Amino acid sequence: MAASSVSRERYREYAHFLRVSADGLNPSVAPGRPRRLRSQVNIERNKFLYWEVVWILIAVVTLVPMLMLAAVEFNLPLPQTIAARAETLHVQFVAFENPLVAAAVIGSAIMFPVSIGIAFSPILANADAIGDLDRAHRALKSVEKP
C-alpha cells in the first residue's frame, strides 16, 4: 500500500512538472520543445483514456448476459436470433440445467461492478495529475495557435 501511494505521489509530481513546463514554455528559445512536451502530455493522457475504454468495454460485455435474462424475464422485444439465445440462456439459468451457464452469469454479475470500479479508480486516485495534464494540454494548444 505504501508503494502505491509513493508511486501515485511521484506520478503527481511528474504531471505537475509537465504542467509547469508547458506553462513556462518559450518556443523561441527551444523550437522543438513544444512538440516533445506535447507528445509526453498526450502519452500520459492517453494512458488514462485507454484504461477507461478497456474496462468500460469489459463492463459492457459482462452486462450482456444479465440484460438478456432481464429481457426474457420482463418480455421485452428482441431480434429473433438474440431472443432465441436469450431464451436458451434463461431456461438453462433458471432450471439450472447447465451449472457452467449459471456460473458464467453469476461471474458476469460480479464482474460488472468490479470492472466499473477498476475503470474509475485510477481517475479518482489521480484526479490532481489528470487536472495537471489537462492544463498542460491546454497551455500547449495555446502556444501552438499563434
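Residues numbered from 1 in each chain as written. Predicted model: local features only at pLDDT ≥ 70, side-chain atom pairs only at ≥ 80, totals over all residues. Heavy atoms only, no water.

Participant: Got a sec to walk through the overall build of the protein? Specific residues and values, please.
Facilitator: A tally of regular secondary structure across the protein gives five helices and zero strands. The globule rule puts the C-alpha radius of gyration for 146 residues at 15 Å, and the 23 Å found for the protein is more than 25% above it. For the C-alpha atoms alone, the extent of the protein along its principal axes is close to 70 × 40 × 20 Å. Residues classed as buried in the protein amount to 27% of the 146 residues present. Excluding contacts between residues fewer than 6 apart, the proportion of contacts in the protein whose partners are at least 24 apart in sequence is 70%. Of the accessible surface of the protein, which amounts to about 9600 Å², a share of 67% is contributed by carbon and sulfur atoms. (Helix = DSSP H or I, 4+ residues; strand = E, 2+ residues; numbered from the N terminus. Rg over C-alpha atoms; globule rule 2.2 N^0.38 Å. Buried < 20%, exposed > 50% of the residue type's maximum accessible area, 1.4 Å probe, protein only. Contact = heavy atoms within 4.5 Å. Areas by Shrake-Rupley, 256 points an atom, 1.4 Å probe, with all protein chains shown as cover.)

Participant: Please give an account of a nonpolar patch on the surface that cites residues and values.
Facilitator: On the surface, Leu-49, Tyr-50, Val-53 and Leu-57 cluster together into a nonpolar patch covering about 420 Å² of accessible area. With respect to the helices and strands, the residue Leu-49 is situated in helix H2 (residues 33–73). (Patch = residues over 30% accessible without salt bridge, like charges linked within 9 Å, V, L, I, M, F, W, Y side chains within 5 Å. Salt bridge = Lys/Arg side-chain N within 4 Å of Asp/Glu carboxyl O.)

Participant: I'd love a proper account of the environment of Val-143, names of residues and values included.
Facilitator: Here Val-143 lies in helix H5 (residues 127–144). On the basis of relative accessible area, Val-143 is assigned to the partly exposed category, the value being 24%. On a C-alpha basis, the gap between Val-143 and Glu-97 in space is 64 Å, while along the polypeptide they are 46 residues apart. When residues no more than four places from it in sequence are discounted, the contact partners of Val-143 are Leu-25 and Pro-27.

Participant: How would you sum up H2? Please name residues and give values.
Facilitator: An α-helical segment advances 3.6 residues per turn. Residues three or four places apart therefore align on the same side. Between its terminal C-alpha atoms H2 stretches 60 Å, which fits the 60 Å expected from 41 residues at 1.5 Å a residue. Along H2, the largest kink reaches about 30° and is centred on Val-64; proline Pro-65 follows within four residues of it. One or two positions beyond H2, positive phi appears at Asn-75, with a value near 55°. (Expected span 1.5 Å × (residues − 1). Bend = angle between axes of the 7 residues up to and from the residue.)

Participant: Account for the pattern of salt bridges, with residues named and values stated.
Facilitator: Where charged atoms from two side chains of opposite charge come close, those side chains can pair. Per the counting criterion, the structure on display carries eight salt bridges. Ionic pairing is found between Arg-12 and Glu-9, a salt bridge with its closest N-O pair at 3.7 Å. With Arg-12 and Glu-9 both in helix H1 (residues 2–23), this residue pair falls three residues apart, about one helical turn. Among the salt bridges present, the one from Arg-138 reaches Asp-134, with a minimum N-O distance of 2.8 Å. Within this pair, Arg-138 and its partner Asp-134 are both found in helix H5, separated by four residues, close to a single helical turn. Exposure remark for Asp-134: the relative accessible area of 29% places this residue in the partly exposed category. Put simply, Arg-19, Asp-23, Asp-132 and Arg-135 are held in one network by salt bridges that share partners.

Participant: How would you sum up the packing of H2 against helix H4 (residues 99–125)? Please name residues and give values.
Facilitator: Each pair of packed helices can be described by the angle between their axes along with the distance between the axes. Look at H2 against H4: their axes get within 8 Å of each other, and the N-to-C directions meet at 155°. Here H2 lies roughly antiparallel to H4, going by the angle between them. Considering the relative orientation of H2 and H4, their crossing is left-handed. Taking contact as the criterion, the partners of Phe-48, Trp-51, Glu-52, Trp-55, Ile-56, Ile-58, Ala-59, Thr-62, Leu-63, Pro-65, Met-66 and Leu-69 in H2 are, on H4, Val-105, Ser-108, Ala-109, Met-111, Phe-112, Ser-115, Ile-116, Ile-118, Ala-119, Phe-120, Pro-122 and Ile-123. For the contact of H2 with H4, a count of residues per class yields 20 nonpolar, three polar and one charged. (Axes fitted to C-alpha atoms, helices over the stretch in contact; angles between N-to-C directions. Parallel < 35°, antiparallel > 145°, perpendicular 65-115°, else oblique. Left-handed = near helix turned anticlockwise from the far one by under 90°. Nonpolar A, V, L, I, M, F, W, Y, C, P; charged D, E, K, R; others polar.)

Participant: Residue-level account of H4, with values.
Facilitator: Helix length check: H4, at 27 residues, gives a terminal C-alpha distance of 38 Å against a target of 39 Å (1.5 Å per residue), a fit within 8%. Along its length, H4 shows its largest kink, about 25°, at Met-111, and proline Pro-113 lies within four residues downstream of that point. All of the buried residues in H4 are Val-101, Ala-102, Val-105, Ser-108, Ser-115, Ala-119 and Pro-122. In the core, the buried residues of H4 are packed alongside H2 and helix H3 (80–94).

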